[in-house]
Amino acid sequence: MAKYLYFWICSCAIVLFSCGDNSNEANAQYEKARKLFENGQYANAKNAIDSIELLYPKAFKQIKAGMLLMCRVKQKESEQNLLYIDSVLKVRQTELEAAKKNFRFEKDAKYQTEGNYIYKKLPKQASINRSQLKVLVTENGQMQLASVYYGSTPIKHSSIRATLPDKSKAETLVIGYDGANNYRFTNDGKYTEIVTYKDGQCSAVAALIANNTSKKITLTYLGGNRYTLSLDPVTREAVKATRELANLMKNVDDLKREYQLNVRTLELADKQVLQLEKQQSEQNAE
């Protein structure tokens, strides 16, 4: 019984101690956060601010001061981010415009809502009356490969495999026949099949080709009767250039979104600082 009474007394002592006046310690913690903020150590400053409420839940004055300081930290972080993103964005936009010079933009206003960038060295209006690998990037930055088969008998393929001389290989995802991304037709006794692989569906194949443009690459059509062809140098070069263009377009779009996110964060932080400063001023006047 005495043992339990001892533990109960100790517990009460701990509770009373934690509920006591810790204003000096809370002030010290706030000052630590403020100095970190002034020295530009924003991540450490945020951790120190969070610790005020965690360690001293009754230190309301310091907690409120910490809230205002936290908003100022977010202001500075957003301002820094905006400067950095803006500088990187300008560089990427310049690189993107330079890369686009190697492409032509094609769009049939009557049938297409989205145009495509085609590598200039590839033939215009590439015929589908021969087996080939077509490559493009949409104006929204989506890279696409399309395996075209043209022959006297159908093969009903649904994916492709790219293979290097050392037997390294990569495959696209399987695209089931749907009459859209995988469609077939017959004309004058000849069979044409076109399977389109979008971003994520052809990433591995595109990477293998782009990283090995100087090597012989064999393309194998899979899913039905197999068919193989050797990728010509221009197509290999086109895959590499198109992949780079798509990555640049995505990078620019990501940077633009990140810039706008930081603009909104800064606007919110500005409003919060004004509100908290007003509250602080009113409390001091009372």
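Residues numbered from 1 in each chain as written. Predicted model: local features only at pLDDT ≥ 70, side-chain atom pairs only at ≥ 80, totals over all residues. Heavy atoms only, no water.

Visitor: It is not clear to me how the environment of L222 should be interpreted in this structure. Could you clarify?
Guide: Along the chain, L222 turns up in strand β9 (residues 218–222). You can call L222 buried: its relative accessible area is 8%. Linking L222 and S159, residues 63 residues apart in sequence, is a C-alpha distance of 5.2 Å. The residues contacting L222, other than those within four sequence positions of it, are H157, S158, S159, I160, R161 and E171. (Helix = DSSP H or I, 4+ residues; strand = E, 2+ residues; numbered from the N terminus. Buried < 20%, exposed > 50% of the residue type's maximum accessible area, 1.4 Å probe, protein only. Contact = heavy atoms within 4.5 Å.)

Visitor: Help me out: how do you make sense of the nonpolar core in this one?
Guide: When a protein is soluble and globular, its nonpolar side chains tend to lie buried together. Counting residues in each nonpolar core, the largest one holds 44 residues, and the members touching the most others are L133, L145, I209, L219, V239 and L245. Sort the elements by how many residues they give to this core and helix α6 (residues 233–285) lands first, with nine residues. With near-sequence residues (within four places) excluded, I209 lies in contact with L133, A162, I217, L231, R236 and V239. Y42, I49, I52 and M70 belong to the second-largest nonpolar core, a separate cluster that totals 14 residues. (Core = buried A, V, L, I, M, F, W, Y, C linked by side-chain atoms within 4.5 Å.)

Visitor: Looking at this structure, I do not really get unusual backbone geometry. What am I missing?
Guide: One can expect most non-glycine residues to show negative phi and most peptide bonds to be in trans. The backbone of K156 sits at a positive phi, close to 55 degrees, despite the residue not being glycine. Of note in this structure, K167 is not a glycine but carries a positive phi near 80 degrees. Structurally, K167 is set in the loop between β5 (159–163) and β6 (169–171).

Visitor: Can you help me understand the environment of N262 in this one?
Guide: Looking at the element boundaries, N262 is found in helix α6. Separated by 184 residues in sequence, N262 and S78 have C-alpha atoms that sit 5.4 Å apart. Setting aside chain neighbours within four positions, we find N262 in contact with S78, N81, L82 and I85. At 3.0 Å, the side chain of N262 forms a polar contact with the side chain of N81. (Polar contact = N/O pair within 3.5 Å; in protein donor to acceptor, adjacent residues only side chain to side chain.)

Visitor: When you look at the sheet that holds strand β3 (residues 132–138) in this model, what are you seeing that I'm missing?
Guide: Consider a sheet: its strands pair through backbone hydrogen bonds, and that pairing is either parallel or antiparallel. Taking strand neighbours across the sheet as the criterion, the six strands line up as β1-β2-β3-β4-β8-β7 in an open arrangement whose pairing is antiparallel. Across the chains shown, the open sheet's two edge strands, defined by having one partner strand only, are β1 (103–106) and β7 (182–187). Adjacent strand axes in the sheet meet at a mean angle of 30 degrees, parallel and antiparallel pairs treated alike. Bridge count between β1 and strand β2 (residues 116–119): four bridges; the pairing is antiparallel. (Pairing = 2+ DSSP bridges. Axes fitted to C-alpha atoms, helices over the stretch in contact; angles between N-to-C directions.)

Visitor: So what exactly am I meant to see when it comes to the side chain of S78 here?
Guide: Within the element layout of this structure, S78 appears in helix α4 (residues 60–100). Apart from residues no more than four positions distant in its own chain, S78 is found in contact with N262, T265 and L266.

Visitor: Which parts of the structure should I look at to understand the layout of surface pockets?
Guide: Empty space among the atoms can be located by rolling a probe the size of a water molecule over them. Here the largest pocket is characterised by a volume of approximately 740 Å³. What lines the largest pocket is a set of 30 residues, among which E106, N116, I118, K134 and L136 lie closest to the centre. Listing elements by their share of the lining of the largest pocket, those giving two or more residues are β1, β2, β3, β4 (143–151) and β8 (190–197). Per-element accounting of the lining of the largest pocket gives the leading share, six residues, to β3. Partitioning the lining of the largest pocket into residue classes produces 13 nonpolar, nine polar and eight charged. Roughly 250 Å³ of internal volume is contained in the second largest pocket. Together, K61, K64, A65, M67, L68, L276, Q279, Q280, Q283 and N284 line the second largest pocket. Contributions of two or more residues to the lining of the second largest pocket are made by α4 and α6. (1 Å grid on protein atoms, 1.4 Å probe; cavity = no way out; pocket = protein on both sides within 12 Å on 5 of 7 lines; lining within 4 Å. Points joined across faces, edges and corners; volume = space filled by probe spheres on them. Nonpolar A, V, L, I, M, F, W, Y, C, P; charged D, E, K, R; others polar.)

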